[in-house]
Protein chains: 2
Amino acid sequence: MSNIITISREFGSGGRELAKRLAESLGYAYYDKEIIEEIAKQGNLDKEFIQNITENKNSNYNYTIGRSLNLYSVRQKQEMDILILQQKVIKELAKEGNCVIVGCGADLILKEYKPLNIFVYASSASKIKRCREKSSENIDINDKKLLKMIKNVDKSRARFYLLIGGDYWGYKENYTLCINTSEVQIKNIIPSVSSFARNYLGGND
Amino acid sequence: MSNIITISREFGSGGRELAKRLAESLGYAYYDKEIIEEIAKQGNLDKEFIQNITENKNSNYNYTIGRSLNLYSVRQKQEMDILILQQKVIKELAKEGNCVIVGCGADLILKEYKPLNIFVYASSASKIKRCREKSSENIDINDKKLLKMIKNVDKSRARFYLLIGGDYWGYKENYTLCINTSEVQIKNIIPSVSSFARNYLGGND
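Now for a description of the structure that goes with this document.

Cut-offs and rules
Residues numbered from 1 in each chain as written. Chains lettered and ligands numbered in written order. Predicted model: local features only at pLDDT ≥ 70, side-chain atom pairs only at ≥ 80, totals over all residues. Heavy atoms only, no water. Pairing = 2+ DSSP bridges. Helix = DSSP H or I, 4+ residues; strand = E, 2+ residues; numbered from the N terminus. Axes fitted to C-alpha atoms, helices over the stretch in contact; angles between N-to-C directions. Contact = heavy atoms within 4.5 Å. Patch = residues over 30% accessible without salt bridge, like charges linked within 9 Å, V, L, I, M, F, W, Y side chains within 5 Å. Areas by Shrake-Rupley, 256 points an atom, 1.4 Å probe, with all protein chains shown as cover. Salt bridge = Lys/Arg side-chain N within 4 Å of Asp/Glu carboxyl O. Lys, Arg positive; Asp, Glu negative; His and termini not counted. Charge placed at Lys NZ, Arg CZ, Asp CG, Glu CD. Buried < 20%, exposed > 50% of the residue type's maximum accessible area, 1.4 Å probe, protein only. Buried area = accessible area lost by both parts, 1.4 Å probe. Polar contact = N/O pair within 3.5 Å; in protein donor to acceptor, adjacent residues only side chain to side chain. Nonpolar A, V, L, I, M, F, W, Y, C, P; charged D, E, K, R; others polar. Least-squares fit on C-alpha atoms with pLDDT ≥ 70 in both. Expected span 1.5 Å × (residues − 1). Arc of directions from axis to C-beta. Core = buried A, V, L, I, M, F, W, Y, C linked by side-chain atoms within 4.5 Å. Bend = angle between axes of the 7 residues up to and from the residue. Phe/Tyr/Trp six-rings, centres within 6.5 Å; stacked < 30°, edge-to-face > 60°. Lys NZ or Arg CZ within 6 Å of the ring centre and 35° of its normal.

So, the sheet that holds strand S4 (residues 116-121) of chain B
Now for step 1: The ten strands are arranged S2(A)-S3(A)-S1(A)-S4(A)-S5(A)-S5(B)-S4(B)-S1(B)-S3(B)-S2(B) in an open sheet whose pairing can be described as mixed. Either end of the sheet is taken by a strand with one partner, and the two such strands are strand S2 (29-31) of chain A together with strand S2 (29-31) of chain B. Strand-to-strand twist of the sheet, defined as the mean angle between neighbouring strand axes without regard to direction, takes the value 20°.
Now for step 2: In the sheet, strand S1 (residues 4-9) of chain A pairs with strand S3 (residues 99-102) of chain A via four bridges, with the strands oriented parallel. Across the sheet, residue A:Ile5 finds its bridge partner in S3(A), namely A:Val100.
Now for step 3: Each of strand S1 (4-9), S2, strand S3 (99-102) and S4 of chain B touches helix H1 (residues 15-26) of chain B; the most contacted strand, S1(B), lies at about 165° to it.

Here we look at the environment of B:Thr176
Now for step 1: Among the structural elements, B:Thr176 can be located in the loop between helix H7 (143-163) and strand S5 (177-180).
Now for step 2: With near-sequence residues (within four places) excluded, B:Thr176 lies in contact with A:Tyr121, A:Cys178, A:Ile179, A:Asn180, B:Pro115, B:Leu116, B:Asn117 and B:Tyr200.

Some thoughts on a positive patch on the surface
Residue and element names in this part refer to chain A.
Now for step 1: Together, Lys144, Lys148, Lys151, Lys155 and Arg159 line one region of the surface with positive charge.
Now for step 2: Its place among the elements puts Lys151 in helix H7 (residues 143-163).
Now for step 3: A relative accessible area of 46% places Lys151 in the partly exposed class.

What to know about the interface of chain B and chain A
Now for step 1: With 22 residues of chain B in contact, the opposing surface of chain A contributes 22 residues.
Now for step 2: For the pair chain B and chain A, the summed buried area comes to about 1,800 Å², and 56% of that belongs to carbon and sulfur atoms.
Now for step 3: The largest per-residue losses of area from chain B upon contact with chain A belong to B:Lys172, B:Ser192 and B:Phe196, which jointly make up 29% of the total buried on that side.
Now for step 4: For the pair chain B and chain A, the number of links is zero salt bridges.
Now for step 5: For the pair chain B and chain A, the number of links is 19 residue pairs in polar contact (both at pLDDT 80 or more).
Now for step 6: A per-element tally of the side of chain B that touches chain A places helix H8 (residues 186-200) of chain B first, with eight residues.
Now for step 7: Here the residues of the side of chain B that touches chain A sort into twelve nonpolar, six polar and four charged.

Quick notes on the relation of the copies chain B and chain A
Now for step 1: Taken as rigid bodies, chain B and chain A are interconverted by a rotation of 180° and an axial shift of 0.0 Å, the fit giving an RMSD of 0.0 Å. The superposition operator between the copies reduces to a two-fold rotation axis. For chain B, the smallest separation between a C-alpha atom and the rotation axis is recorded for B:Cys178, amounting to 2.5 Å.
Now for step 2: A share of 100% of interface residues in chain B that are also interface residues in chain A marks the association as one of identical surfaces.

A closer look at helix H1 (residues 15-26) of chain A
Residues and elements named next belong to chain A.
Now for step 1: The terminal C-alpha atoms of H1 lie 16 Å apart, and with twelve residues this matches the ideal 16 Å at 1.5 Å per residue to within 8%.
Now for step 2: For H1, the complete set of buried residues consists of Gly15, Leu18, Ala19, Leu22, Ala23 and Leu26. Seen along its axis, H1 keeps its buried residues to an arc of 130°; they face one direction.
Now for step 3: Backbone geometry just downstream of H1 places Gly27 in the positive-phi region, at approximately 70°.

Comments concerning the nonpolar core
Now for step 1: By size, the foremost hydrophobic cluster in this structure holds 48 residues, and its most contacted members are A:Ile5, A:Ile118, B:Ile5 and B:Ile118.
Now for step 2: What B:Ile118 contacts, discounting residues up to four positions off in sequence, is B:Ile5, B:Thr6, B:Ile7, B:Ser8, B:Leu22, B:Tyr175, B:Leu177, B:Ile179 and B:Val193.

Digging into H8(B)
Now for step 1: Compared with the 21 Å implied by 1.5 Å per residue over 15 residues, the 20 Å span of H8(B) between its first and last C-alpha is a close match.
Now for step 2: Along its length, H8(B) reaches its greatest deviation from straightness, about 25°, at B:Ser192.
Now for step 3: Every buried residue of H8(B) is accounted for by B:Ile186, B:Ile189, B:Ile190, B:Ser192, B:Val193, B:Ser194, B:Ser195, B:Phe196, B:Ala197 and B:Asn199.
Now for step 4: Looking at the buried side of H8(B), the elements it contacts are helix H8 (186-200) of chain A together with S1, H1, S4, helix H6 (124-134) and S5 of chain B.
Now for step 5: Looking one or two places after H8(B), you find B:Gly202, whose phi comes out positive at around 85°.

Let's talk about the pairing of S5(B)
Now for step 1: Side chains B:Leu177 and B:Ile179 project from S5(B) onto one buried face, and the interleaved B:Cys178 and B:Asn180 project onto a second face that is buried too.
Now for step 2: By the bridge criterion, three bridges tie strand S5 (residues 177-180) of chain A to S5(B) in an arrangement that is antiparallel. Residue A:Ile179 lies in a different strand from S5(B), and its bridge partner there is B:Leu177.
Now for step 3: Relative to S5(B), S4(B) runs parallel, the two being bridged by four bridges. Bridge assignment links B:Phe119 to a residue of S5(B), and that residue is B:Cys178.

So, the packing of aromatic side chains
Centre-to-centre distance and the angle between the planes together describe a pair of aromatic rings.
Now for step 1: Enumeration over the complete set of coordinates arrives at ten aromatic pairs over all chains.
Now for step 2: When the centroid spacing of 5.7 Å and the interplanar angle of 15° are considered together, the rings of A:Phe196 and A:Tyr200 count as stacked. Residue A:Phe196 and its partner A:Tyr200 are located together in helix H8, separated by four residues, close to a single helical turn.
Now for step 3: In this structure A:Phe196 comes out as buried when scored by relative accessible area, which is 1%.
Now for step 4: Following the ring pairs from residue to residue traces out a cluster consisting of A:Phe119, A:Tyr121, A:Trp169 and A:Tyr175.
Now for step 5: If you follow A:Lys172 out to its NZ or CZ, it ends over the ring of B:Tyr121, 5.2 Å from the centre.

Below, the structure written as structure tokens:
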């Protein structure tokens, strides 16, 4: 059975970078946007639309949620179809071999693999700093507004976690390991996380 | 400067065993009950009395908390003296070299060392199971009562954390790493934690 590492992360915590570097360090496949692309391919759907569903966004996508029960049901049906397809894609990818999967509730979907479930988090100050550093342009809003935006992304993730049958996203009880990335360079902690993962998943260090 | 690892732990999570095994694995000194003994020696005090103060217990110790302001102040004064002595002892031990320290708010007291602060936790079911296994005698209470007892110990720890200037004991934001020990044998995760610690603290793996 494949070794699976799932990475759930607060927005701005550097969780995606950690996941990517961890996969490189371990020689594991890395799945992030690839999952959306595969769902789009298999379902013949628009990538942005899928992203809005799987990230539970209130987006600018040109799709009107009708207020009538009938239209709402159509939306619900589409959501369910995408969620079922997402589960199928994630399970197929897991079968292909060892991998690191970012987000998508993979910790819930792949329970049978007994994955190493990691949650990455950081202080608000650290997340604000990381967001500003990562952005290719100056983020033209103050820290208070930026933090609100960061928290809204995490709220969407928490709602999605509920939607697919989880309970409380980000509660340490739901993960094997929680890593605080405040005041650290992600690349500097990769040897530590990588060693932990190798040992935990039964490989050789 | 010494490498310091602090271990905070939920009662029944196996955190003390993890700390001891981790210290052995790394060749670090291990401080747990030794701290109480050192305070008793330096302050010429009774060990049980110190433990009641540092664990913030409502104990059976033969000491009456007077209801008058005057007597209460005596108690407060004694508490403060012990807490100051505890800080002194912990700082002295940290200076002696690399070590693993269990509890005592060492994560707060030794901030200047930038310790690796680990919080060890587990599911209620796992903590109940571990408590029953660890006890030399049959624990003659049902699971509900045992869990209440477990939670009361943790409540005392949380109150002590507040008393010495911390905020929320057990909140992942206060630690570098949180480790879930549900359904694992502590000895089996030592290589993982040990590798993480070595790398994190800048030693060689």
